Amino acid sequence: MIDAYLKQMKISYELDVDLKRITWIHRGGVVKYFVIPKDVYELCSICTFLYRNNIKFDLVGHTSNLYFLNDYNPYIIVATKYCNTIEEKKEELVCDCGVSVIRLAKQCVKKGICGFEYLTLLPGTVGAAVYNNSSCKKNSISSLVEKIDFLTDTGDRIILSADQLNFQYRTSSLKKEEIKGVILKVYLKIKYGNAIELIRIAEMNKKNRDLIFKKVTNSLGCTFDNPSLSLFYGFCLKIFEYSFRLVGVDQYTIDVRKRDLLLFMTGYSCLRTYICAQSYIIFMWKDEAADEKFPIYVEFASKVLHTKKLEIQIKSDKYGKNKFIDNTLG
């Protein structure tokens, strides 16, 4: 049935695709149908067909916020990567859901459009950013959204206002699954400012971010949100850092040694290869052993960083049966 529809509508797809080939951190099993609509019209068409025939599917953009476990073998994935048109009107930007946030933000900063200057290094698509209410420092996608063109899980195409999305810090009614469906287009406000100043802020933000991410590989960005290190560990690390500063040790080496000290004190030294030295909420899938270390990292985050709020989504065929999955979801 699916084959016939895709061929009838001339929508591109691939069979039995290895998810390691297409996911951000090269993880996952095999997807039976990997569907690649060429535009929003085809995206709406295939998703409507799947909804009305009660066929479960996953929707992905750049997968920069998704952790696919190797046991995950979905039946259908629909990719939005070719739904990437940006239309600039007088007072708003109309973006397909698959538009790259980085591409959009860089274009806006050059034109002097405010609200994007800290988003020029934010990976992922506009649709995913709205879903998650992504933010970076002073910029949050929720402050820019006017409305979205939305396909409901009953196959109806509607317009939802920003108020209806109930944006809160890094979440929305979509992420909470209070509203279910697919974002097709996003309408963003245009407010002009000083292009030179916006470019300066973007460049400064890049330098600061490079200091954190210069040694980071195969990560999904911030794995957890709002960490809170105890006063005791925080004090120990400050004294440790101060002693190294006195003898002229460079900042990166200090950060590495602080991380290693914290892991040693808390009994998690096995994680030193996988945790970013500058930010303990960044986990790196450097090798195949990382999948085995991630549940231990979840425990570390809960006990030491005192946070259980995931910033990423985990996909697994063992959802709800795997202890580590249950832990990550708090």
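It should be noted that the structure appears before, not after, this text.
Throughout what follows, the structure given in this document is the object of discussion. (Residues numbered from 1 in each chain as written. Predicted model: local features only at pLDDT ≥ 70, side-chain atom pairs only at ≥ 80, totals over all residues. Heavy atoms only, no water.)

**Let's talk about the nonpolar core**
Side chains of a nonpolar character, in soluble globular proteins, are inclined to be buried together.
Next, step 1: By size, the foremost hydrophobic cluster in this structure holds 57 residues, and its most contacted members are I46, F116, V130, V145, I148 and L188.
Next, step 2: At eight residues, the largest contribution of residues to this core is made by helix α2 (residues 40-52).
Next, step 3: Aside from chain neighbours lying at most four places away, what touches L188 is E91, E92, L93, C95, L104, F116, I141, L144 and V145.
Next, step 4: Counting 28 residues, the second-largest nonpolar core is a separate cluster that includes L220, Y274, Y280 and A290. (Core = buried A, V, L, I, M, F, W, Y, C linked by side-chain atoms within 4.5 Å. Buried < 20%, exposed > 50% of the residue type's maximum accessible area, 1.4 Å probe, protein only. Helix = DSSP H or I, 4+ residues; strand = E, 2+ residues; numbered from the N terminus. Contact = heavy atoms within 4.5 Å.)

**Describing the packing of helix α3 (residues 101-111) against helix α5 (residues 195-213)**
Next, step 1: Viewed as axis vectors pointing N to C, α3 and α5 meet at an angle of 140 degrees, and their least axial separation amounts to 7 Å. With respect to α5, the element α3 is oriented oblique. Counted together, V109, K110 and K111 of α3 and A195, L198, I199 and A202 of α5 form the full contact between these two elements.
Next, step 2: Its residues assigned to classes, the contact of α3 with α5 shows five nonpolar, no polar and two charged. (Axes fitted to C-alpha atoms, helices over the stretch in contact; angles between N-to-C directions. Parallel < 35°, antiparallel > 145°, perpendicular 65-115°, else oblique. Nonpolar A, V, L, I, M, F, W, Y, C, P; charged D, E, K, R; others polar.)

**Quick notes on unusual backbone geometry**
Next, step 1: Phi is positive for D16, which is not a glycine, with a value near 50 degrees.
Next, step 2: Structurally, the position occupied by D16 is in strand β1 (residues 12-18).
Next, step 3: Residue classification places D16 among the partly exposed residues on the basis of a relative accessible area of 49%.
Next, step 4: One non-glycine residue, H306, adopts positive backbone phi at about 55 degrees.
Next, step 5: Following the sequence through the fold, H306 ends up in the loop between α8 (290-303) and β15 (313-315).

**Considering the pattern of salt bridges**
Next, step 1: Within this structure, the stated rule accounts for 17 salt bridges.
Next, step 2: For K32, the salt bridge goes to D16, with nearest N and O atoms at 3.6 Å. Note that K32 is positioned in strand β2 (residues 30-36) and D16 in strand β1, a separation of 16 residues in sequence.
Next, step 3: Relative accessible area serves as the criterion here: at 33%, K32 is assigned to the partly exposed category. (Salt bridge = Lys/Arg side-chain N within 4 Å of Asp/Glu carboxyl O.)

**Examining the side chain of T23**
Next, step 1: Relative to the assigned elements, T23 resides in the loop between β1 and β2.
Next, step 2: For T23, a relative accessible area of 4% corresponds to the buried category.
Next, step 3: One polar contact links the side chain of T23 to the main-chain carbonyl oxygen of L19, over a distance of 2.9 Å.
Next, step 4: Apart from the residues lying within four places of it in its own chain, the contact partners of T23 are T63 and F68. (Polar contact = N/O pair within 3.5 Å; in protein donor to acceptor, adjacent residues only side chain to side chain.)

**Overview of the sheet that holds β2**
Next, step 1: An order of β1-β2-β5-β3 is seen for the four strands of this open sheet, with the pairing classed as mixed. Each end of this open sheet is capped by a strand with a single partner; those strands are β1 and β3 (58-60). Adjacent strand axes in the sheet meet at a mean angle of 30 degrees, parallel and antiparallel pairs treated alike.
Next, step 2: The pairing of β2 with strand β5 (residues 76-79) spans three bridges and is parallel. Counterpart to V35 in the pairing with β5 is V78.
Next, step 3: Each of β1, β2 and β5 is contacted by helix α1 (residues 2-9), which is oriented at about 25 degrees to β2, the strand it contacts most.
Next, step 4: Lying over the sheet, α2 contacts β2, β3 and β5, oriented at roughly 155 degrees with respect to β5. (Pairing = 2+ DSSP bridges.)

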